[in-house]
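Spelled out from the first residue to the last, the chains are:
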Amino acid sequence: MSSRPFTSPVGTTRPTVPHRTASTVLALVPAAVTLGTAAALVASWRSRLPDPVAVHFGPGGADGYSALGPFVTLGLGLFAALAVAGWLVAVRWGRDAMTRRIGVGLAAGLAAFGAVLVAGVLALQRGLADAARTPDVDPVVTGAVVAGLVLGGLCAWAVPADASAPATDPGPLDGPRLPLGPQERAVWTGRVVSRVAVALGGGATLLVAALAVGLRIPGLLVLVAALAALVVTGAVVVVTVDATGLTARSPLGWPRYRIPLDEVLGARATHVRPLADFGGWGYRLGRGGRVGYVLRTGDALEVSRTGGRTFVVTVDDAATAAALLTTLAERARPLARG
Amino acid sequence: MLLRIDPGSTEPLFAQLAAQVRAAVLRGELRPGARLPTARDLAASLDVNLHTVLRAYGELRDEGLVELRRGRGAVVAAHAAGDLDPVHAAVAALVSAARARGLAPATTVGLLKDALSQQEDR
């Protein structure tokens, strides 16, 4: 188990990022339309808005004020910058469809969230002489969250998948093998539960649910649903290596990440520290466009894939999984079969 | 865990599967509460009939090694292995004694099977 990263064969360059046009259209067009519409709406309301406008709200109503121009510029500008950052992730590191989905989803989703939030908060203040009398903003926040999730989700879903890219090298592959008879079939399965994620996520879900009921803020129920979905899909990963390749998925079956056997260039066991290597837990983008499904510190399976892609999933006994994947991938090579 | 089948073997496929899970439980590699892959997933991965896997799991359940739960698949039973330390020690002793005498593995297994069948006959 070395810490040496996979390297491209000498004399080859990393393939370019595919589907750049699609990523750009799906990330920047929704962002420009939502933020532009918000700016246009606010401009048309200008004469009917109080000065200053309310921009911050506490339990007792509005408690922070700002001039209209700086608030709109800063607010929309911030979300525009975040959208551009998401788009950059997709076109710069998006060799893997998962990377493009995350980048595009963040760009479109954050822009929609910001646009609804800024325009919605100001829409409530139309015709008011004093911004202190702004009505309850909870529906706006709920609407912004829903708009962000829906638009981000739709755009991420619309991202084109990776085209099939079978390996062209004849083998043999690097790394340890598993002795397997010519007729033998084998499957390896591993399952990792992040106790931290279950405890923290489950606790947060219950807490927000209690707040939503206790304080009668129905808008928070959206957050409860989102948190619960996050725990169920993000705290457990089931990894399978078999004749179809590698599959890493949540117990519900989604999210699911697949690597067909003919796209495997190599597999090895490695050690992962989620925070240091991926900046957090769950489905993550690591340095250099590595995609990770990382739930805990420790043993992990790292798979090098065609198209300059690398996938990492934390799982126990990764050495056996890597050996089986290498063995099966080599068996699937045309020349090895020939 | 790793599971493998050899369609070329004379041993039935369900028996091959059951034997591997049994051995993993008895060796302590599969702890009580550990989940086995669902029968459907396992059948798909190994390209065998669902009933082959269900038969293997059913056999393990009858032996008290796993519990089958609707919707949750097979889980290694709480007291599946019991205290097998004396058995593990005796097996280790048997293996080293057989090696010291230069016995082939098949011969050693044959001796063990004979001893077990004599005990059953009594």
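How each quantity is defined
Residues numbered from 1 in each chain as written. Chains lettered and ligands numbered in written order. Predicted model: local features only at pLDDT ≥ 70, side-chain atom pairs only at ≥ 80, totals over all residues. Heavy atoms only, no water. Helix = DSSP H or I, 4+ residues; strand = E, 2+ residues; numbered from the N terminus. Buried < 20%, exposed > 50% of the residue type's maximum accessible area, 1.4 Å probe, protein only. Areas by Shrake-Rupley, 256 points an atom, 1.4 Å probe, with all protein chains shown as cover. Lys, Arg positive; Asp, Glu negative; His and termini not counted. Charge placed at Lys NZ, Arg CZ, Asp CG, Glu CD. Pairing = 2+ DSSP bridges. Axes fitted to C-alpha atoms, helices over the stretch in contact; angles between N-to-C directions. Contact = heavy atoms within 4.5 Å. Domains from an automatic or database assignment. Buried area = accessible area lost by both parts, 1.4 Å probe. Salt bridge = Lys/Arg side-chain N within 4 Å of Asp/Glu carboxyl O. Polar contact = N/O pair within 3.5 Å; in protein donor to acceptor, adjacent residues only side chain to side chain. Nonpolar A, V, L, I, M, F, W, Y, C, P; charged D, E, K, R; others polar. Core = buried A, V, L, I, M, F, W, Y, C linked by side-chain atoms within 4.5 Å.

**A word on the overall build of chain A**
Then, number 1: When helices and strands are counted, chain A shows 9 helices and 11 strands.
Then, number 2: Taking the principal axes of the C-alpha coordinates as reference, chain A spans close to 80 × 45 × 30 Å.
Then, number 3: For chain A, the proportion of its 338 residues judged to be buried stands at 46%.
Then, number 4: Accessible surface, chain A as shown: approximately 16400 Å² in total, 67% of it carbon and sulfur.
Then, number 5: Here chain A contributes 30 positive and 19 negative side-chain charges, whose respective centroids are spaced 3 Å apart.

**Considerations on the sheet that holds strand β8 (residues 282-285) of chain A**
All names here are of chain A.
Then, number 1: In spatial order, the strands read β7-β10-β11-β9-β8; together these 5 strands make up an open sheet with mixed pairing. The open sheet is flanked by β7 (264-272) and β8, the only strands paired with a single partner. Averaged over neighbouring strand pairs, the angle between their axes works out to 20° when direction is ignored.
Then, number 2: Across the sheet, helix α3 (residues 97-123) is in contact with β8 and β9 (291-294); its angle to β8 comes to roughly 95°.
Then, number 3: The sheet strands contacting helix α8 (residues 318-332) are β7 and β10 (298-305), and the helix crosses β7 at an angle near 175°.

**Digging into the domain arrangement of chain A**
All names here are of chain A.
Then, number 1: Examined at the domain level, chain A breaks down into domain 1 (20-158) and domain 2 (188-192 + 236-332).
Then, number 2: Between the C-alpha centres of domain 1 and domain 2 there is a distance of 35 Å.
Then, number 3: Counting residues at the interface gives 7 residues for domain 1, matched by 10 residues for domain 2.
Then, number 4: For the pair domain 1 and domain 2, the summed buried area comes to about 730 Å², and 69% of that belongs to carbon and sulfur atoms.
Then, number 5: Its largest share of buried area at the contact with domain 2, domain 1 owes to Arg 95, Asp 96 and Met 98, together 62% of the area lost on that side.
Then, number 6: The tally of links between domain 1 and domain 2 comes to 0 salt bridges.

**Points about the interface of chain B and chain A**
Then, number 1: Contacts between the two partners involve 16 residues from chain B, matched on the other side by 17 residues from chain A.
Then, number 2: Of the roughly 1400 Å² buried where chain B meets chain A, counting both sides, 48% is carbon and sulfur surface.
Then, number 3: Per-residue buried area on chain B facing chain A is highest for Leu 2, Arg 4 and Ser 45 of chain B; these three make up 38% of the total on that side.
Then, number 4: Here chain B and chain A share 2 salt bridges between them.
Then, number 5: In this structure, Asp 41 of chain B engages Arg 249 of chain A in a salt bridge whose closest nitrogen and oxygen atoms are separated by 2.7 Å.
Then, number 6: On inspection of chain B and its partner chain A, the count reaches 9 residue pairs in polar contact (both at pLDDT 80 or more).
Then, number 7: Counting only elements with at least two residues in the side of chain B that touches chain A, the list comes to β1 (2-5) and α2 (39-46) of chain B.
Then, number 8: Broken down by class, the residue content of the side of chain B that touches chain A amounts to 9 nonpolar, 2 polar and 5 charged.

**A word on the nonpolar core**
Residues and elements named next belong to chain A.
Then, number 1: Leu 246, Leu 301 and Phe 311 are the most contacted members of the largest nonpolar core, which totals 35 residues.
Then, number 2: Broken down by element, the residue count for this core peaks at 8 residues, all from α8.
Then, number 3: Apart from residues lying up to four places away in sequence, Phe 311 is in contact with Leu 246, Ala 248, Tyr 257, Ile 259, Val 291, Tyr 293, Leu 301, Glu 302 and Val 303.
Then, number 4: Among the nonpolar cores identified, the runner-up in size contains 27 residues, and Leu 26, Ala 107, Leu 122 and Cys 155 belong to it.

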